[in-house]
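Structural overview
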Amino acid sequence: MPAPAPLHALKLAASKNAVAKAQAALAKLDAGSEEVADILELAVLRGSDAVAAVILAAGARPRAVAPLLTAALRTDAAHLVPLLLSARPDGADVDAIGATGGWTPLFWAAKRGDCGAIGALLSAGARVNARERMGGTPLMVAVQHSHLEAAEALLAAGADVEVSDSAGWSAMLWAAQAGDAAMIQRLLQAGAQTASPGGSALMVAVENGRVDVVSTLLAAPNVEVADPASGANAENTNDVPAAEFEAARKACEDGKAVKGPSAPSSLHPTRLGPGVEIDLDARDAQGWSAVAVAAGAGHTKLLSMLLAAGASANARIAHSGRTPLMAAAQGGHAAAIDILIRHTEESAWVGESGANGEAAPVNGGKGGSTMPSVLGGVRALVDATDAQGVTALM
């Protein structure tokens, strides 16, 4: 049986995003009918956002709202999100998982960094700590795409900064991978740890040569962090003070992350350090320390920063037993070799005066160390052997 003329006209209008023709057709139809709901779905899925808005305004009600929310967010039609949410049937699931990676609509809003959509979805009951198939969360997605304001809105709604995905990576590690120092600073303020089961943010930053990120991480112990008793990172119920969430949402839409004293109090009740601990000698999956990675890459700025912060100059690479000096020598990085030797010399000055009783203290008696102890420290560094008995000079 041929489709009724007005319904057919509406379908054609939806396929071409023709607003005037859609309005004319709707004037002759029951907008709440199943047939119009089908065409609404067609309009959203085809990216005919203008016609979809007209159909929704006429009173159409989507049968399954989550797929349409996802489609709107993927087709640059995020402005439809509030309309779809307002028209959704009672009890409609806004967290229905889509076919792509098990993402809910909130994941797509986080990927876009769309604060309006994030706010609308959370207000409609979307779970801020929803997990996709690989264990990731909306916060991780916002972090991966460096959407600081979107991350702020998610944190205000109770996003968990400590949860890890199936690879063991937390939002902090993803921020280090993205090279986003500002994001790392915000996560530190929210109480995020610098390491997770998948590794260390410091290692990730060093491996990517990010001086700014390493500098931010090295300052982690002095960051003002959220008080765990505030419940900012507790199991999410989206039950946060409306004024605090609204402040984060508004700042997100204005393109400004909430920082400092103006940040929501549930996130930032200003407990001054010691903040988050950081393991300077943590190893990656291959057993390399951050110093070894920096030395092996010849990254002298990072190497100097790590040593000045207290990282070990002689932290051996697991299994091979190689030292950072060996890694620098193998890469032909003379400047890195010089930094490691000079650091060892300077460290050796610190000790007891006249330690061996074999020589007068050097440097006019200042520093309290003797020349034999200094030379001994350097010799130990240079003569160290790996698991095959090889030294840095071989």
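Residues numbered from 1 in each chain as written. Predicted model: local features only at pLDDT ≥ 70, side-chain atom pairs only at ≥ 80, totals over all residues. Heavy atoms only, no water.

**Some details on the overall build of the protein**
- The number of helices and strands found in the protein is 20 helices and two strands.
- Of all 394 residues assigned to the protein, the portion counted as buried reaches 47%.
- Sequence-distant contacts in the protein: of pairs separated by 6 or more residues, those separated by 24 or more amount to 70%.
- For the protein, the exposed area adds up to about 17,700 Å²; of that, 53% sits on carbon and sulfur atoms. (Helix = DSSP H or I, 4+ residues; strand = E, 2+ residues; numbered from the N terminus. Buried < 20%, exposed > 50% of the residue type's maximum accessible area, 1.4 Å probe, protein only. Contact = heavy atoms within 4.5 Å. Areas by Shrake-Rupley, 256 points an atom, 1.4 Å probe, with all protein chains shown as cover.)

**Describing unusual backbone geometry**
- Here the phi dihedral of Asp76 falls at roughly 55 degrees; this positive angle occurs in a residue that is not glycine.
- By the secondary structure assignment, Asp76 is in the loop between α5 (65–74) and α6 (80–87).
- Residue Asp76 is classed as exposed on the basis of its relative accessible area of 62%.
- Unlike most non-glycine residues, His319 shows phi in positive territory, near 75 degrees.

**Here we look at the packing of aromatic side chains**
- A full pass over the atoms with the stated rule returns three aromatic pairs.
- Seen in terms of ring centroids, Trp103 and Trp108 are 4.6 Å apart; in terms of plane orientation they differ by 55 degrees. Their pairing is tilted.
- Grouping aromatic residues by their ring pairs yields a cluster made of Trp103, Phe107 and Trp108. (Phe/Tyr/Trp six-rings, centres within 6.5 Å; stacked < 30°, edge-to-face > 60°.)

**Here we look at the pattern of salt bridges**
- For the structure on display, the rule yields eight salt bridges.
- The salt bridge partner of Arg63 is Asp38, with a shortest N-O separation of 2.1 Å. Here Arg63, found in the loop between α4 (49–57) and α5, pairs with Asp38, found in helix α3 (residues 34–45); they are 25 residues apart in sequence, far enough to count as distant.
- Using a relative accessible area of 44% as the deciding quantity, one classes Arg63 as partly exposed.
- A salt bridge links Asp76 to Arg112; the nearest nitrogen and oxygen atoms lie 2.9 Å apart. Of this pair, Asp76 sits in the loop between α5 and α6 while Arg112 sits in helix α7 (residues 105–112), and the two are 36 residues apart along the sequence.
- One continuous salt-bridge network, built from bridges that share partners, spans Glu34, Asp38 and Arg63. (Salt bridge = Lys/Arg side-chain N within 4 Å of Asp/Glu carboxyl O.)

**Digging into α5**
- With eight of 10 residues buried, α5 lies mostly within the body of the structure.
- Looking only at α5, the buried set comprises Val65, Ala66, Leu68, Leu69, Thr70, Ala71, Ala72 and Leu73.
- Against α3, α6, α7 and α8 (115–123) lie the buried residues of α5.

**Some remarks on the side chain of Gln189**
- Inspection of the secondary structure puts Gln189 in helix α12 (residues 181–189).
- A distance of 3.2 Å separates the side chain of Gln189 from the side chain of Arg186, its partner in a polar contact. (Polar contact = N/O pair within 3.5 Å; in protein donor to acceptor, adjacent residues only side chain to side chain.)

**Describing the confidence of the model for the protein**
- Scored by pLDDT, the protein has a mean of 81; 74% of the residues are at 70 or more.
- Confidence drops under pLDDT 50 across residues 228–236; counting only partners more than four residues distant or on other chains, this segment forms 17 contacts. (pLDDT = per-residue confidence, 0-100.)

**Quick look at the packing of α3 against α5**
- The N-to-C vectors of α3 and α5 enclose an angle of 30 degrees; their axes lie 8 Å apart at closest approach. Taken together, the axis directions place α3 and α5 in an arrangement best described as roughly parallel. Facing Glu41, Val44 and Leu45 of α3, the residues of α5 in contact are Leu68, Ala71 and Ala72.
- Partitioned by chemical class, the residues of the contact of α3 with α5 number five nonpolar, no polar and one charged. (Axes fitted to C-alpha atoms, helices over the stretch in contact; angles between N-to-C directions. Parallel < 35°, antiparallel > 145°, perpendicular 65-115°, else oblique. Nonpolar A, V, L, I, M, F, W, Y, C, P; charged D, E, K, R; others polar.)

**Observations regarding the environment of Cys115**
- Within the secondary structure, Cys115 is located in helix α8.
- Residues Cys115 and Ala153, spaced 38 residues apart in sequence, show a C-alpha to C-alpha distance of 7.3 Å.

**Topic: the side chain of Thr104**
- The residue Thr104 is located in the loop between α6 and α7 in this model.
- On the basis of relative accessible area, Thr104 is assigned to the buried category, the value being 1%.

**Brief notes about α8**
- Burial analysis of α8 places seven of its nine residues in the buried class, the great majority of the element.
- When α8 is considered as a whole, its buried residues turn out to be Cys115, Ala117, Ile118, Gly119, Ala120, Leu121 and Leu122.
- By the N-cap criterion, in which a side-chain oxygen at the helix start approaches the backbone nitrogen of a residue two or three places on, α8 is capped by Asp114, the distance to Gly116 being 3.2 Å.

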